[in-house]
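# Structure at a glance
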Amino acid sequence: MTSQELEDDAAPASGADAIASRDDFRRALVAAIEAAAQQSGATQLWLCDPDFSTWPLGQPEVVEALARWARSHRRLMLLAADYRVLAQGAPRWHAWRRQWSHIVHCMQVHEEVAASVPTLLFAPGLRTVRLHDRERHRGRVLHAPLELTHCGERLDALLDRAEEALPATTLGL
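Residues numbered from 1 in each chain as written. Predicted model: local features only at pLDDT ≥ 70, side-chain atom pairs only at ≥ 80, totals over all residues. Heavy atoms only, no water.

### Some words on the overall build of the chain
- Check the secondary structure of the chain and you find 6 helices and 8 strands.
- Starting at the N terminus and walking to the C terminus, you meet the elements of the chain as α-β-α-β-α-β-α-α-β-β-β-β-α-β.
- Within the chain, the proportion of its 173 residues that are buried is 46%.
- Of the accessible surface of the chain, which amounts to about 9,000 Å², a share of 50% is contributed by carbon and sulfur atoms. (Helix = DSSP H or I, 4+ residues; strand = E, 2+ residues; numbered from the N terminus. Buried < 20%, exposed > 50% of the residue type's maximum accessible area, 1.4 Å probe, protein only. Areas by Shrake-Rupley, 256 points an atom, 1.4 Å probe, with all protein chains shown as cover.)

In structure tokens, the structure reads:
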């Protein structure tokens, strides 16, 4: 991913809903997950972030929305550069993940592409919730088909440079 592509993503788009706070981000995530749960064709969700440190994955409404979405033949892909923060926090999400480990796939990108990992939730064909400023929680919700297609292609390219990470359970001897 080039720096020009990253700058293009940060530019406002027509037909996009603005995200201007942590609460806006949480509401946009829950709304996107709920919309995907109501669509029979929305069988896949992507959560993508360098480390998920700013995500409300441990909050009850997010876990509950994921549980509603996961009930029928779904697949959740997490893509990150580093899972240490998520591994140490979000106990509600970890409990949910253990129950749904058969549909949750955590992938870690290779170090050489780690800086290009965006912060977004992608529901193919429905919407993308994208932060372009993680510190200030500034971003947008995208609905345009062309933007969704472009997002899917970029995530597929990152997935090609990733491997399995963050097991649902650890076995001890």
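### Notes on the nonpolar core
- Among the nonpolar cores identified, the biggest contains 40 residues, and Leu 78, Trp 93, Trp 96 and Leu 121 are the most heavily contacted of them.
- Looking at this core, the elements that each hand over two or more residues are helix H2 (22-38), strand E2 (44-49), helix H3 (60-70), strand E3 (75-80), helix H5 (91-99), strand E4 (104-109), strand E5 (119-123) and strand E6 (127-133).
- Among all residues touching Trp 93, those that are not within four sequence positions of it are Leu 57, Val 63, Leu 66, Leu 78, Leu 86, Val 104, Cys 106 and Leu 166.
- Among the nonpolar cores identified, the runner-up in size contains 16 residues, and Trp 46, Val 113, Val 117 and Leu 148 belong to it. (Core = buried A, V, L, I, M, F, W, Y, C linked by side-chain atoms within 4.5 Å. Contact = heavy atoms within 4.5 Å.)

### Concerning H5
- Residues of H5 that are buried: Trp 93, His 94, Trp 96 and Arg 97. The buried side chains of H5 occupy one side of the element, clustering within an arc of 160° when seen end-on. Residues Pro 91 and Gln 99 are exposed on H5 and point more than 90 degrees away from its buried face.
- The secondary structure elements touched by the buried residues of H5 are H3, E3, helix H4 (84-88) and E4. (Arc of directions from axis to C-beta.)

### Describing the pairing of E4
- Looking at chain direction, E3 and E4 are connected through 5 bridges and run parallel. Along E4, the bridge assignment pairs Leu 78 with Cys 106.
- As judged from the 3 bridges shared by E4 and strand E8 (residues 162-164), these two strands associate in the antiparallel manner. Bridge pairing in E8 places Val 109 opposite Ala 162. (Pairing = 2+ DSSP bridges.)

### Quick notes on the pattern of salt bridges
- In the structure shown here, the tally under the stated rule is 9 salt bridges.
- The closest approach of N and O atoms between Arg 26 and Asp 23, which form a salt bridge, is 3.5 Å. Of this pair, Arg 26 and Asp 23 both sit in helix H2, 3 residues apart, which is roughly one turn of the helix.
- Residue class for Arg 26 comes out buried when judged on its relative accessible area of 18%.
- The salt bridge partner of Asp 51 is Arg 134, with a shortest N-O separation of 2.8 Å. With Asp 51 in the loop between E2 and H3 and Arg 134 in the loop between E6 and strand E7 (138-142), this residue pair connects regions lying 83 residues apart in the sequence.
- The exposure class of Arg 134 is partly exposed, given its relative accessible area of 24%. (Salt bridge = Lys/Arg side-chain N within 4 Å of Asp/Glu carboxyl O.)

### A look at the environment of Ala 162
- On the secondary structure map, Ala 162 appears in strand E8.
- When its relative accessible area of 15% is taken as the criterion, Ala 162 is described as buried.
- Expressed as a C-alpha distance, the spacing of Ala 162 and Ala 81, which sit 81 residues apart in the sequence, is 8.9 Å.
- With residues up to four places along the chain from it excluded, the contact list for Ala 162 reads Leu 79, Met 107, Gln 108, Val 109 and His 110.

### Remarks on the sheet that holds E8
- If you walk across this open sheet you meet the 8 strands as E1-E7-E6-E5-E2-E3-E4-E8, and the pairing is mixed. Each edge of the open sheet carries a strand with a single partner, namely strand E1 (17-19) and E8. The average undirected angle you get between the axes of adjacent strands in this sheet is 20°.
- Packing of H2 onto the sheet brings it into contact with E1, E2, E5, E6 and E7, and relative to E6 it is tilted by some 160°.
- Lying on the sheet, H5 is in contact with E3 and E4; it crosses E4 at an angle near 115°. (Axes fitted to C-alpha atoms, helices over the stretch in contact; angles between N-to-C directions.)

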